[in-house]
Amino acid sequence: MSGRLVYLDNNATTPIAPEVREAMMPYLTNLYGNPSSMYSFAGEVADGLKKAQASVAALLGATPEEITFTSCGTESDSTAILSAVRTFPEKRHIITTRVEHPAVKNLCENISLFTGHKYRLTQLKVDEKGMLDLAEYEAALSDDTAIASIMWANNETGVIFPIAEMAKMAKKRGILFHTDAVQAVGKIPIDLASLDIDFLSSSGHKLHAPKGVGVLYVKKRTPFTPFLIGGHQERGRRGGTENVASIIALGKASELAATHIGQENSHVRALRDRLEQGLLARIPKAILNGDKDNRLPNTSNISFEYVEGESILLHMNRQGICASSGSACTSGSLEPSHVLRAMGVPFTAAHGSIRFSLSVYNTQEEIDFVLEALPPIIASLRKLSPFWKEGL
Ligand SMILES: *Cc1c(COP(=O)(O)O)cnc(C)c1O
């Protein structure tokens, strides 16, 4: 790809930070020892892993012993949920939401398949702003509930759920609580020491580390059954030789995230608001999806009525602008995203939804470029749409 690239798809994946690449490099070259080996050459690698674990723990307000590295956010989600159902095989009920990432949604919908048991699944509703009803949640908690798995922040709309309160409600009933915090980590402050969360999932590549490394937090004293059974790596919590270079990278990315978290709320939020307010002002029949206030500072999901999201992306791509329609995992199908459908967004709007997700590496110049480029794209696509004329 030549020419400029304006990357506004950071909820799909992020560029590797230069400091992160530099930190992992020695582990891709000289420091190749197996961290389980007994000589000091390998001990250096083991020390690197320990340091990374401490950096991740610091970002989350956890202790290093509570941090286990996995291969991705999806593995962390699977491990947490399957651990709970294997630890309590007599409990046959799971609570989750209708707007989870497929890593949780599809697992929960298929959990009977993986366990050989029948499960009852409660998928909590969201309102038109993407918010949950805590009364519905409280009523669903039962003695038969093995685990409640509720995402911290939604990947498509950025909407933030009241995780502290929900974890507390589960704890009161003696029910394990898991949160998919892949989109929240590094964007909003998290202090697990003060919360009743049993399991938390996070992923390296959403945080300026490489793809293929994730984190599973397991609270001290929370019962745990491993998913990958093998060697004694990760203190028996996950077999398999550690993905050393990527773990080192994730440690460095966590340190960077800790120093950037203020900027997420100032620099990134200001750019996001500039983009959002500019688009809503310049383009008629543009609607913001998701609660305006209860939201990640980097995400904006906007529906441009009577146009196809895919067509918008294609035209943006010609000018080097990257964003997504629905979520990366659902594009390719013509169904509007399950998140927007759960919110009751009308089809005419859901089909033309675009998610812009920013990072600390975006600039005001880039945002102003998008503000110039997008209005004529929407106008020209609408000229081709028979529905647009009716819509007026
Ligand atoms: C990206 C994402 C995942 C999956 O993480 P991978 O590391 O790609 O497996 C899970 N949940 C949410 C909310 C995500 O955004």
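Residues numbered from 1 in each chain as written. Predicted model: local features only at pLDDT ≥ 70, side-chain atom pairs only at ≥ 80, totals over all residues. Heavy atoms only, no water.

## Thoughts on the overall build of the protein chain
Now for step 1: A tally of regular secondary structure across the protein chain gives 13 helices and 12 strands.
Now for step 2: Principal-axis analysis of the C-alpha atoms places the extent of the protein chain at approximately 70 × 50 × 35 Å.
Now for step 3: In the protein chain, buried positions account for 56% of the 392 residues.
Now for step 4: Taking the intrachain contacts of the protein chain between residues at least 6 apart in sequence as the baseline, contacts between residues at least 24 apart amount to 76%.
Now for step 5: Carbon and sulfur atoms make up 56% of the accessible area of the protein chain, which totals about 16600 Å².
Now for step 6: Each charge class in the protein chain was averaged separately, 40 positive and 42 negative side chains, and the resulting centres sit 1 Å apart. (Helix = DSSP H or I, 4+ residues; strand = E, 2+ residues; numbered from the N terminus. Buried < 20%, exposed > 50% of the residue type's maximum accessible area, 1.4 Å probe, protein only. Contact = heavy atoms within 4.5 Å. Areas by Shrake-Rupley, 256 points an atom, 1.4 Å probe, with all protein chains shown as cover. Lys, Arg positive; Asp, Glu negative; His and termini not counted. Charge placed at Lys NZ, Arg CZ, Asp CG, Glu CD.)

## Considering the domain arrangement of the protein chain
Now for step 1: Here the protein chain is partitioned into domain 1 (6-14 + 261-384) and domain 2 (18-256).
Now for step 2: Placing a centre on the C-alpha atoms of domain 1 and another on those of domain 2 gives a separation of 28 Å.
Now for step 3: Between domain 1 and domain 2 the total buried area reaches about 2700 Å² when both faces are included, carbon and sulfur atoms providing 57% of it.
Now for step 4: For the pair domain 1 and domain 2, the number of links is 14 residue pairs in polar contact (both at pLDDT 80 or more).
Now for step 5: Every element with two or more residues in the side of domain 1 that touches domain 2 is listed here: helix H8 (244-282), strand E10 (299-304) and helix H10 (338-342).
Now for step 6: Of the residues forming the side of domain 1 that touches domain 2, the biggest block, 4 residues, is contributed by H10. (Domains from an automatic or database assignment. Buried area = accessible area lost by both parts, 1.4 Å probe. Polar contact = N/O pair within 3.5 Å; in protein donor to acceptor, adjacent residues only side chain to side chain.)

## Thoughts on the pattern of salt bridges
Now for step 1: Here the structure, examined in full by the defined rule, presents 12 salt bridges.
Now for step 2: Of the charged contacts, one joins Glu365 and Arg4 as a salt bridge, the two residues approaching to 3.8 Å between their closest N and O atoms. Highlighted residues: Glu365 in helix H12 (residues 364-383) and Arg4 in the segment before strand E1 (6-7), separated in sequence by 361 residues.
Now for step 3: Salt-bridge contacts for Arg238 lead to Glu75; the nearest nitrogen and oxygen are separated by 2.6 Å. Of this pair, Arg238 sits in the loop between strand E8 (214-218) and H8 while Glu75 sits in helix H3 (residues 73-87), and the two are 163 residues apart along the sequence.
Now for step 4: Three or more residues are tied together by salt bridges with common partners; here these are Lys51, Lys252 and Glu255. (Salt bridge = Lys/Arg side-chain N within 4 Å of Asp/Glu carboxyl O.)

## So, the packing of helix H1 (residues 18-28) against H8
Now for step 1: Direction vectors running N to C along H1 and H8 enclose 155°, while the axes themselves pass 8 Å from each other. Classed by the angle they form, the pair H1 and H8 counts as roughly antiparallel. For H1 against H8, the interelement crossing comes out right-handed. Across from Glu19, Val20, Ala23, Met24, Tyr27 and Leu28 in H1, the residues of H8 making contact are Val244, Ala245, Ser246, Ile248, Ala249, Lys252, Ala253 and Leu256.
Now for step 2: In terms of residue class, the contact of H1 with H8 is built from 11 nonpolar, 1 polar and 2 charged. (Axes fitted to C-alpha atoms, helices over the stretch in contact; angles between N-to-C directions. Parallel < 35°, antiparallel > 145°, perpendicular 65-115°, else oblique. Left-handed = near helix turned anticlockwise from the far one by under 90°. Nonpolar A, V, L, I, M, F, W, Y, C, P; charged D, E, K, R; others polar.)

## A short note on the layout of surface pockets
Now for step 1: Its volume calculated, the largest pocket comes out at about 390 Å³.
Now for step 2: Looking at the largest pocket, it is lined by 14 residues, and the ones nearest its centre are Lys50, Gln53, Glu234, Arg235 and Glu242.
Now for step 3: A per-class count over the lining of the largest pocket returns 5 nonpolar, 4 polar and 5 charged. (1 Å grid on protein atoms, 1.4 Å probe; cavity = no way out; pocket = protein on both sides within 12 Å on 5 of 7 lines; lining within 4 Å. Points joined across faces, edges and corners; volume = space filled by probe spheres on them.)

## Regarding the packing of H3 against helix H4 (residues 102-109)
Now for step 1: Look at H3 against H4: their axes get within 9 Å of each other, and the N-to-C directions meet at 35°. Crossing of H3 over H4 shows right-handed handedness. Counted together, Thr74, Asp77, Ser78, Ile81 and Leu82 of H3 and Ala103, Val104, Leu107 and Cys108 of H4 form the full contact between these two elements.
Now for step 2: Its residues assigned to classes, the contact of H3 with H4 comprises 6 nonpolar, 2 polar and 1 charged.

## Some details on the side chain of Ser357
Now for step 1: Considering the arrangement of structural elements, one finds Ser357 in strand E12 (residues 353-357).
Now for step 2: Taking relative accessible area as the criterion, Ser357 reaches 0% and is therefore assigned buried.
Now for step 3: In this structure the side chain of Ser357 is engaged in a polar contact, spanning 2.8 Å, whose partner is the backbone nitrogen of Asn11.
Now for step 4: Ser357 has contacts with Tyr7, Leu8, Asp9, Asn10, Asn11 and Asn298, leaving out every residue within four places of it along the chain.

## Observations regarding empty space enclosed by the protein
Now for step 1: Across all of its chains, the model carries 4 cavities of 30 Å³ or more by this definition.
Now for step 2: Empty space within the largest cavity amounts to approximately 170 Å³.
Now for step 3: For the largest cavity, the lining is made up of 19 residues, of which Gly186, Leu207, His208, Ala257 and Glu264 are closest to its centre.
Now for step 4: Here the residues of the lining of the largest cavity are counted per class, giving 9 nonpolar, 7 polar and 3 charged.
Now for step 5: Inspection of the lining of the largest cavity shows a minimum of three residues originating in each of domain 1 (6-14 + 261-384) and domain 2 (18-256).

## A closer look at the side chain of Ser203
Now for step 1: Note that Ser203 resides in strand E7 (residues 199-203).
Now for step 2: Exposure remark for Ser203: the relative accessible area of 3% places this residue in the buried category.
Now for step 3: Ignoring sequence-local partners within four residues, the contact set of Ser203 consists of Gly73, Val182, Val213 and Gly214.

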